[in-house]
Amino acid sequence: MNRESKIIAACGNDCAKCPRHLPKTEDELHETAILWAKIGYRDHVVTNEEIACEGCKPTNWCRYHVISGVTEKGINNCGECIDYPCANIKNCFEVTESFAPKCREVCSDEEYEQMREAFFEKRQNLEKNND
């Protein structure tokens, strides 16, 4: 895959940069689960099955409750919504941004850069869609 291409999730994450979504070995998935626990995305190290991601689907659990909204509206992500930015996506931005300091503290520079591109630019990704 071209590293410059983006796959924008319902909430604006860039799946093409996400360590959960990228093709992974079992060891890499486990390292991602460890990283998620260090950052605070999870309260414990989860299984590889729990950490692996195959993209936004209506049946997936969504911390921000945006998958159901985009599915109901027949759009790909919140940036395509006429109601953008709604309260759900504003909350999503706030919660995501709250993880940035801990991520900066516990991640290597390379890990942080990957996390920044995958998660901390969701607002910019959606606003490009909304133009």
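Residues numbered from 1 in each chain as written. Predicted model: local features only at pLDDT ≥ 70, side-chain atom pairs only at ≥ 80, totals over all residues. Heavy atoms only, no water.

1. Observations concerning the environment of Leu126
Reasoning step 1: Relative to the helices and strands, Leu126 resides in helix α6 (residues 122-130).
Reasoning step 2: The spatial distance from the C-alpha of Leu126 to the C-alpha of Ile8 is 8.0 Å, given a sequence separation of 118 residues.
Reasoning step 3: The residues touching Leu126, leaving out its near neighbours within four places in the chain, are Ile8, Ala9, Ala10, Cys11, Gly12, Asn77, Cys78, Gly79, Tyr84, Ile89 and Phe93. (Helix = DSSP H or I, 4+ residues; strand = E, 2+ residues; numbered from the N terminus. Contact = heavy atoms within 4.5 Å.)

2. Some points on the confidence of the model for the chain
Reasoning step 1: When pLDDT is averaged along the chain, the result is 88, and 94% of the positions lie at 70 or above.
Reasoning step 2: Of all the helices and strands in the chain, α6 carries the lowest mean pLDDT, 85, while helix α4 (residues 87-106) carries the highest, 94. (pLDDT = per-residue confidence, 0-100.)

3. Structural notes on the environment of Gln124
Reasoning step 1: Along the chain, Gln124 turns up in helix α6.
Reasoning step 2: With relative accessibility at 41%, the residue Gln124 sits in the partly exposed group.
Reasoning step 3: Sequence-wise, Gln124 and Gly79 are 45 residues apart; in three dimensions their C-alpha atoms are separated by 9.5 Å. (Buried < 20%, exposed > 50% of the residue type's maximum accessible area, 1.4 Å probe, protein only.)

4. Focus: the pattern of salt bridges
Side chains carrying opposite charge are able to pair once their charged atoms draw close together.
Reasoning step 1: Per the counting criterion, the structure on display carries nine salt bridges.
Reasoning step 2: Two residues, Lys17 and Glu117, come together in a salt bridge whose shortest N-O distance is 3.5 Å. Of this pair, Lys17 sits in the segment before α1 (26-39) while Glu117 sits in helix α5 (residues 109-120), placing them 100 residues apart in sequence.
Reasoning step 3: When its relative accessible area of 22% is taken as the criterion, Glu117 is described as partly exposed.
Reasoning step 4: Two residues, Glu113 and Arg116, come together in a salt bridge whose shortest N-O distance is 2.2 Å. Of this pair, Glu113 and Arg116 both sit in helix α5, separated by three residues, roughly a single helical turn.
Reasoning step 5: Since its relative accessible area comes to 31%, Glu113 is described here as partly exposed. (Salt bridge = Lys/Arg side-chain N within 4 Å of Asp/Glu carboxyl O.)

5. Comments concerning the layout of surface pockets
Reasoning step 1: The calculated volume of the largest pocket comes to roughly 610 Å³.
Reasoning step 2: Lining of the largest pocket is provided by 26 residues; of these, Asn13, Arg20, Arg42, Trp61 and Tyr64 occupy positions nearest its centre.
Reasoning step 3: Of the residues contributing to the lining of the largest pocket, the split by class is 17 nonpolar, four polar and five charged.
Reasoning step 4: The computed volume of the second largest pocket comes to approximately 270 Å³.
Reasoning step 5: When contributions to the lining of the second largest pocket are tallied by element, the ones reaching two or more residues are α1 and α5.
Reasoning step 6: Counting residues per element, the lining of the second largest pocket draws most heavily on α1, which supplies six residues.
Reasoning step 7: Its residues placed into classes, the lining of the second largest pocket shows three nonpolar, three polar and nine charged. (1 Å grid on protein atoms, 1.4 Å probe; cavity = no way out; pocket = protein on both sides within 12 Å on 5 of 7 lines; lining within 4 Å. Points joined across faces, edges and corners; volume = space filled by probe spheres on them. Nonpolar A, V, L, I, M, F, W, Y, C, P; charged D, E, K, R; others polar.)

6. Observations regarding the side chain of Asn48
Reasoning step 1: Its place among the elements puts Asn48 in helix α2 (residues 48-51).
Reasoning step 2: Only 2.7 Å separates the side chain of Asn48 from the side chain of Glu26, close enough to count as a polar contact. (Polar contact = N/O pair within 3.5 Å; in protein donor to acceptor, adjacent residues only side chain to side chain.)

7. Overview of the packing of α4 against α5
Reasoning step 1: Running from amino to carboxyl end, α4 crosses α5 at an angle of 170 degrees, the nearest separation of the two axes being 9 Å. By the angle class used here, α4 and α5 are roughly antiparallel. Contact with α4, carried on its side by Thr96, Phe99, Ala100, Cys103, Arg104 and Val106, involves Asp109, Glu111, Tyr112, Met115, Phe119 and Phe120 of α5 and no other residues of that element.
Reasoning step 2: When the residues that make up the contact of α4 with α5 are grouped by side-chain class, the tally is eight nonpolar, one polar and three charged. (Axes fitted to C-alpha atoms, helices over the stretch in contact; angles between N-to-C directions. Parallel < 35°, antiparallel > 145°, perpendicular 65-115°, else oblique.)

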